[in-house]
Amino acid sequence: MSNKGPAQQEMESLLAAAFPEARFAVSNDSASHRGHSGDDGSGESHFSLAIEWAGFAGMNRVARQRAVNKALGDLPGQRVHALAIKATAPGEG
């Protein structure tokens, strides 16, 4: 049984579909933001994403973040208050 909520599961599914062969980790940071602005009480308001994908090579940081946000549709900003994204190509730190 997974302890991941529906928003996190949906994010992971969308990322896997949009970025084939990417390595990524979605972390739920909501507990550390409990009671702060944007906390809707769902336990799924704040996330961090680290994603490494060969397709990011040659793209700047803004283009990478736009690609991730496009893949996630209405999740960021609508159902998820905050998403910190670290998007890299293989070999980048």
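Whatever comes next refers back to the structure up there.
Please read these numbers as outputs of a predicted model, since none were measured by experiment.

J.: What's the story with the overall build of the protein in this structure? I'm lost.
T.: The secondary structure content of the protein amounts to three helices and three strands. When its helices and strands are written in sequence order, the protein yields α-β-β-α-α-β. The burial tally for the protein puts 31% of its 93 residues in the buried class.

J.: Would you mind showing me how to read the pattern of salt bridges here?
T.: When the charged atoms of two side chains lie near each other, side chains of opposite charge can form a pair. Tallied over the entire structure, the rule returns five salt bridges. The partner of Glu 10 in a salt bridge is Arg 79, with the nearest N and O atoms 3.0 Å apart. Placement of Glu 10 in helix H1 (residues 6-18) and of Arg 79 in helix H3 (residues 75-79) is noted, with a sequence separation of 69 residues between them. Relative accessible area serves as the criterion here: at 30%, Glu 10 is assigned to the partly exposed category. Under the relative-accessibility criterion, Arg 79 is labelled partly exposed at 37%. Where Glu 52 meets Arg 23, a salt bridge forms, and the shortest distance between an N and an O atom there is 3.8 Å. Residue Glu 52 is located in strand E2 (residues 46-52), and its partner Arg 23 is located in strand E1 (residues 23-28); the two are separated by 29 residues in the primary sequence. Residue classification places Glu 52 among the partly exposed positions, given a relative accessible area of 22%. In this structure Arg 23 comes out as exposed when scored by relative accessible area, which is 60%. Via salt bridges that share partners, Glu 10, Asp 74 and Arg 79 belong to a single interconnected network.

Reading guide: rules and limits
Residues numbered from 1 in each chain as written. Predicted model: local features only at pLDDT ≥ 70, side-chain atom pairs only at ≥ 80, totals over all residues. Heavy atoms only, no water. Helix = DSSP H or I, 4+ residues; strand = E, 2+ residues; numbered from the N terminus. Buried < 20%, exposed > 50% of the residue type's maximum accessible area, 1.4 Å probe, protein only. Salt bridge = Lys/Arg side-chain N within 4 Å of Asp/Glu carboxyl O.

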